[in-house]
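Observations on chain architecture
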Amino acid sequence: MKRIAAFVDFQGTIGGEGTDDIRSLELYDFSVEAIKLLNDNHIFVIGITNQSHISKGKLTMNEYLQKLSRIESELAKCNAHFDDVFCCPHSHKDHCLCKKPLSGMVDMAKNKFSIDVGHSYVIGDMGKSDMILANNVGAKSVLVLTGVGKASLNEFRYTWQDVQPTHISENLLEAAKWIVDDCT
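These numbers were taken from a predicted model, which means no experiment stands behind them. Numbering of residues begins from 1 in every chain and follows the order in which that chain's sequence is written. Side-chain atom pairs in this predicted model are given and counted only at pLDDT of 80 or more, local residue features only at pLDDT of at least 70, and totals for whole chains, interfaces and linings cover all residues. For side-chain calculations, the full set of non-hydrogen atoms in the structure is used, while hydrogens and water are omitted.

**A closer look at the overall build of the protein**
Formally: A run of H or I in DSSP becomes a helix once it reaches four residues, and a run of E becomes a strand once it reaches two; helices and strands are each numbered from the N terminus. For the radius of gyration, the atom set is restricted to C-alpha positions; the globular benchmark scales as 2.2 Å times the number of residues to the power 0.38. Only protein chains enter the calculation, and the probe is 1.4 Å; a residue is then buried if its accessible area is under 20% of its type maximum, exposed if over 50%, and partly exposed in between. Here the open area of atoms and residues is found with the Shrake-Rupley method and a 1.4 Å probe, where only the protein chains shown may cover a residue.
Counting its regular elements, the protein contains seven helices and six strands. Secondary structure of the protein in N-to-C order comes out as β-α-β-α-α-β-α-β-α-β-α-β-α. Relative to the 2.2 N^0.38 estimate, which gives 16 Å for 184 residues, the radius of gyration of the protein is 15 Å and therefore close to what a compact globule would have. For the protein, the spread of C-alpha atoms along the three principal axes comes to 45 × 40 × 30 Å. Buried residues in the protein amount to 55% of all 184 residues. Of the accessible surface of the protein, which amounts to about 8700 Å², a share of 49% is contributed by carbon and sulfur atoms.

**Remarks on the nonpolar core**
Which entries qualify depends on this criterion: Side-chain atoms within 4.5 Å link the members of a nonpolar core, which is a set of buried Ala, Val, Leu, Ile, Met, Phe, Trp, Tyr and Cys residues. Contacts: residue pairs with any heavy atoms within 4.5 Å of one another.
Ranked by internal contacts, the top residues of the largest apolar core, which has 35 residues, are Phe10, Ile14, Ile71, Phe82 and Ile123. Where this core is concerned, the elements lending two or more residues are strand 1 (5-8), helix 1 (31-40), helix 3 (61-76), strand 3 (84-88), strand 4 (121-124), strand 5 (140-144) and helix 7 (172-183). Ignoring sequence-local partners within four residues, the contact set of Phe82 consists of Val8, Phe10, Ile14, Ile35, Val45, Ile46, Gly47, Ile71 and Leu75. Residues Phe44, Met105, Val122 and Leu133 belong to the second largest nonpolar core, which totals 19 residues.

**Notes on the packing of aromatic side chains**
Using the following cut-off: Whether two aromatic rings pair depends on their centres lying within 6.5 Å, for rings of Phe, Tyr and Trp, where Trp uses its six-membered ring; planes under 30 degrees apart make the pair stacked, over 60 edge-to-face, and the rest tilted.
For the structure shown, the criterion picks out five aromatic pairs. With 5.2 Å between their ring centres and 35° between their planes, Tyr28 and Phe30 make a pair best called tilted. Residues Tyr121 and Trp178 carry aromatic rings whose centres are separated by 6.0 Å and whose planes lie at 90° to one another, so their mutual orientation is edge-to-face. With Tyr121 in strand 4 and Trp178 in helix 7, this residue pair connects regions lying 57 residues apart in the sequence. In this structure Trp178 comes out as partly exposed when scored by relative accessible area, which is 22%.

**Digging into helix 4 (residues 104-113)**
What helix 4 keeps buried is the set Gly104, Met105, Val106, Ala109 and Phe113. Where helix 4 is buried, its residues meet strand 1, strand 2 (44-50), strand 3 and helix 5 (127-137). Backbone geometry just after helix 4 places Ser114 at a positive phi near 55°.

**Quick word on the packing of helix 1 against helix 7**
We count it as follows: For helices, the fitted line uses only the C-alpha atoms of the stretch in contact; every axis is such a line through C-alpha atoms, and the angle between N-to-C directions lies from 0 to 180 degrees. Roughly parallel means an angle under 35 degrees; roughly antiparallel means over 145; roughly perpendicular covers 65 to 115; every other angle is labelled oblique. Two helices crossing with the near one rotated counterclockwise from the far one by less than a right angle form a left-handed crossing, whereas a clockwise rotation gives a right-handed crossing. Throughout this entry, Asp, Glu, Lys and Arg are counted as charged residues, while Ala, Val, Leu, Ile, Met, Phe, Trp, Tyr, Cys and Pro are counted as nonpolar. The remaining residues, Gly among them, count as polar.
The contact between helix 1 and helix 7 brings their axes to 8 Å, and the two run at 15°. Taken together, the axes of helix 1 and helix 7 are roughly parallel relative to one another. Crossing geometry of helix 1 relative to helix 7 is assigned as left-handed. On helix 7, the residues that touch Ser31, Glu33, Ala34, Ile35, Leu37 and Leu38 of helix 1 are Leu172, Leu173, Ala176, Lys177, Ile179 and Val180. For the contact of helix 1 with helix 7, the class distribution of residues is nine nonpolar, one polar and two charged.

Read these as spatial facts, not as claims about activity.
See below:
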């Protein structure tokens, strides 16, 4: 049976500023509720995050994993969870296949969980990575206006001018509500 998933960006989408690394990420007040809403509606929640500071030596994999564990613990306190999290630790010069907007992380999740990507969603605040990723894999795209979402939609729109978001939401909770409605 194919599953529907919400592929959720980290920085700027669940918390943080949008251009920082995971160490400074604190969940937005509404993020736990949003993830729980998706969980409760049987939508797989897959975290996808570029963490190029690992490749650049500015962040260790252990630091990343420790922060991820704290985020997952915070979610668990409210019975919310990621079904899995995929991280690209590479920089552009590594020429990997997983750095958003490339499809590697979505492909791994698709294969692991039998996800129907065509009926799934990519949620993020950055057009040039998250919205283009959705376009590249054939998923629906939801741009959130937190993090760098407003700037992405306005002054940096030229970096993804050939792609239209399926939906624009104020934040992750509004995106989750829209997805639940779209699935029914």
